[in-house]
Amino acid sequence: MLCEKEMSSLPSSSDSDGVRSFWKFIWYLKVPNKVKVFIWRACSRALPTKENLKKRKVVDSSVFDQCGCLQEDEIHAIWDCVQVCVEWESSCADVRNKYLTVKNMWDLVSIMKAEGKNMEVFVMSAWLIWMRRNKLRSNEATQPCSRIAQLASSMLAEFQQGKQRRVAGVQVGLVRWQPPAENSIKANFDGVVFGEEQEAGIGVVLRDCEGQVLAAL
Ligand SMILES: [Zn+2]
């Protein structure tokens, strides 16, 4: 009951002021732009999870490869799954004990913020967990979950000191998303290819001139 009461005070995704301040908070986090886009997509339920790929008929099954769970959605892959619990049990045991079930990533971000967690470290850790998940799917070598908190902190320190690595000649993290002109809509998209299924998926998000998400496909 305590958790339900506390949850009711979190910003709702149906409250326009709450939505606006939520996205504004995300965009002003001091993390690389790609991490902001990731957490925004996770909160918009627009990541290429097995559940989303199944909805788009890209794959036949929504079973999460890492644990065999019947449905892989964002909150399961990043927070709930036993495969990623090691990381969160060490850094966020208090939140896990207080909030036994968390509905989605929007609520999780809101809870972390309300609990006064270091949000840069949190979103960076969540991004590393998602990257680890993608590498496992591609049979690439990965770091153990127990190293993610340490890795997140060191990557964040490197980024915030302006020493972000250059990838393919482009300096990552210094490009800020710009909203479209008034009365216009901007579409951003990202794709993923799964060699195993020889299939590809694409995610699209539409935003207005204030950066507010109008639709995620
Ligand atoms: Zn799982």
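Since the model is a prediction, treat every value here as computed from it, not as a measurement. (Residues numbered from 1 in each chain as written. Predicted model: local features only at pLDDT ≥ 70, side-chain atom pairs only at ≥ 80, totals over all residues.)

Re the packing of helix H3 (residues 33-43) against helix H9 (residues 119-137)
In helix packing, the relevant descriptors are the interaxial angle and the interaxial distance, both defined with respect to the helix axes.
So, step 1. Direction vectors running N to C along H3 and H9 enclose 80 degrees, while the axes themselves pass 10 Å from each other. Classified by the angle between their axes, H3 and H9 sit roughly perpendicular to one another. Counting all contacts with H3, which are made through Val35, Phe38, Ile39 and Ala42, the residues of H9 involved are Val123, Met124, Ala126, Trp127 and Trp130.
So, step 2. Along the lines of polarity and charge, the residues of the contact of H3 with H9 split into nine nonpolar, no polar and no charged. (Axes fitted to C-alpha atoms, helices over the stretch in contact; angles between N-to-C directions. Helix = DSSP H or I, 4+ residues; strand = E, 2+ residues; numbered from the N terminus. Parallel < 35°, antiparallel > 145°, perpendicular 65-115°, else oblique. Contact = placed C-beta atoms within 7 Å. Nonpolar A, V, L, I, M, F, W, Y, C, P; charged D, E, K, R; others polar.)

Considerations on the confidence of the model for the protein
So, step 1. With 74% of its residues at a pLDDT of at least 70, the protein reaches an overall mean of 79.
So, step 2. The model gives residues 1-9 a pLDDT under 50, and that stretch makes four contacts with residues more than four places away or in other chains.
So, step 3. Across residues 193-198 the pLDDT falls below 50, and counting only partners more than four positions away or on other chains, this stretch makes six contacts in the model. (pLDDT = per-residue confidence, 0-100.)

Details of unusual backbone geometry
So, step 1. Within the chain, Arg45 stands out as a residue other than glycine whose phi angle is a positive 55 degrees.
So, step 2. Mapping Arg45 onto the fold places it in the loop between H3 and helix H4 (50-55).
So, step 3. A positive phi angle, close to 65 degrees, is found at Lys57, a residue other than glycine.
So, step 4. Following the sequence through the fold, Lys57 ends up in the loop between H4 and helix H5 (74-80).
So, step 5. Look at Lys57 and you get exposed, because 8 C-beta atoms sit within 10 Å. (Buried ≥ 20, exposed ≤ 12 C-beta atoms within 10 Å, placed from the backbone.)

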